[in-house]
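Structure assessment
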Amino acid sequence: MATTSPLIMRIMALSINTAKRAGCIIRDVMQQGDLGIVDKGKNDPQTEADRSAQRSIIASLTKQFPRIKIIGEEGCSDLNVCADWLVEEPDQDFLQQACPSKWRDAEDEDFVIWVDPLDGTAEYTQGFVEHVTVLIGIAVKDSAVGGIIHQPYYKQPSGELGRTIWGLKGLGTGGFTSKAAPEGQFIITTTRSHSNALHQQALDAFSATEILKVGGAGFKVLQLLEGKAHAYVFATPGCKKWDTCAPEAVLEALGGTLTDINGTHYSYHADVEHVNRTGVLASLGQNHTQLVEKIPADVRQAVSAKATKTN
Ligand SMILES: Nc1ncnc2c1ncn2[C@@H]1O[C@H](COP(=O)(O)OS(=O)(=O)O)[C@@H](OP(=O)(O)O)[C@H]1O
Ligand SMILES: [Mg+2]
Ligand SMILES: [Mg+2]
Ligand SMILES: [Mg+2]
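Residues numbered from 1 in each chain as written. Chains lettered and ligands numbered in written order. Predicted model: local features only at pLDDT ≥ 70, side-chain atom pairs only at ≥ 80, totals over all residues. Heavy atoms only, no water.

1. Observations concerning the sheet that holds strand 4 (residues 111–119)
Taken together, the six strands give an open sheet; going across it, the order is 3-4-5-6-7-8, and neighbouring strands pair in mixed fashion. Edge positions in the sheet fall to strand 3 (69–72) and strand 8 (172–174), since each of these pairs with one other strand and no more. Looking at each pair of strands side by side, their axes are set apart by 15° on average, direction ignored. In this sheet, strand 8 lies alongside strand 7 (residues 161–168) in antiparallel orientation, the contact comprising three bridges. In the sheet register, glycine 167 faces strand 8, and the bridge partner there is threonine 173. (Pairing = 2+ DSSP bridges. Helix = DSSP H or I, 4+ residues; strand = E, 2+ residues; numbered from the N terminus. Axes fitted to C-alpha atoms, helices over the stretch in contact; angles between N-to-C directions.)

2. Topic: the layout of surface pockets
To locate leftover empty space, one rolls a probe as large as a water molecule over the atoms. Roughly 660 Å³ of volume is contained in the largest pocket. Together, 31 residues line the largest pocket, and Asn43, Asp44, His194, Gly238 and Lys240 are the ones closest to its centre. Going through the elements one at a time, strand 4, helix 4 (121–126), helix 6 (217–225), strand 11 (231–234) and helix 7 (241–253) are the ones with two or more residues in the lining of the largest pocket. Of the residues contributing to the lining of the largest pocket, the split by class is 10 nonpolar, 10 polar and 11 charged. (1 Å grid on protein atoms, 1.4 Å probe; cavity = no way out; pocket = protein on both sides within 12 Å on 5 of 7 lines; lining within 4 Å. Points joined across faces, edges and corners; volume = space filled by probe spheres on them. Nonpolar A, V, L, I, M, F, W, Y, C, P; charged D, E, K, R; others polar.)

Laid out in structure tokens, this is it:
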């Protein structure tokens, strides 16, 4: 690896290839047929693919960056993995890019890497595999700055499976072609498995022309990046820092915004609470503040009150 590249560039470049490797593991587990499902909570499954993909990602990143804090959805993993799961080569194309000056001097202790080895697990178990993503989010001093969103089941025009999207604030995005959402419509992308009455009230307030119910925070942000939706609305606690760190960085590297439903950015330092208690509101090409204001104040207050109570 080119040790002369700034640390953030080396983390991003290795994360791109670890996310791809995790995508292969996710496809292999599905092909072998035994998903090994464990219920972590209501509508919150974990499979052998979540466990194995996390082991591969964290073992690979830890080997090259032993002093960087890495937090994965599936908790502490056994990092003793086979050579086949250990990714040592960074993505060379990414390393050719110039590092934004803002991150050039960031050091080990400035970083937290948030890993969601398989976002959209419920959908994976139900056969909606196109909703599945691997998310690696790179936070610098509190903020989501870099992100990888890998789609293991995306079918390339060549027939090859898998696509890897990256974003780094100050540099931009790669791996896909962005598209603006259609004018004269307002399309919302939202959860298909974690809705409730309060969340429904927030959705109703937008009078959307269409509501897409899809799985995974990564896939919802992809709907914004590709112009299939104008906003991502999730007005309830539930998703976690590893769900939003990478999507937030990629979306914001393209000029979009991802906040809670009050328009406040989440923090991504190592000691932050994992649950995003005040929901998610994300948009691209919209006036984000106006979207926040569309959610009735009493709904926002009720979500925030619920958050305080459960803290
Ligand atoms: N209430 C609740 N309990 C447990 N987990 C939850 C909850 N709400 C959202 N999530 C996790 O957030 C990820 C995306 O879920 P969804 O597609 O349902 O919704 S959303 O993105 O939060 O809108 C998805 O992440 P993965 O676990 O990685 O698949 C969900 O498990
Ligand atoms: Mg999960
Ligand atoms: Mg997730
Ligand atoms: Mg997950």
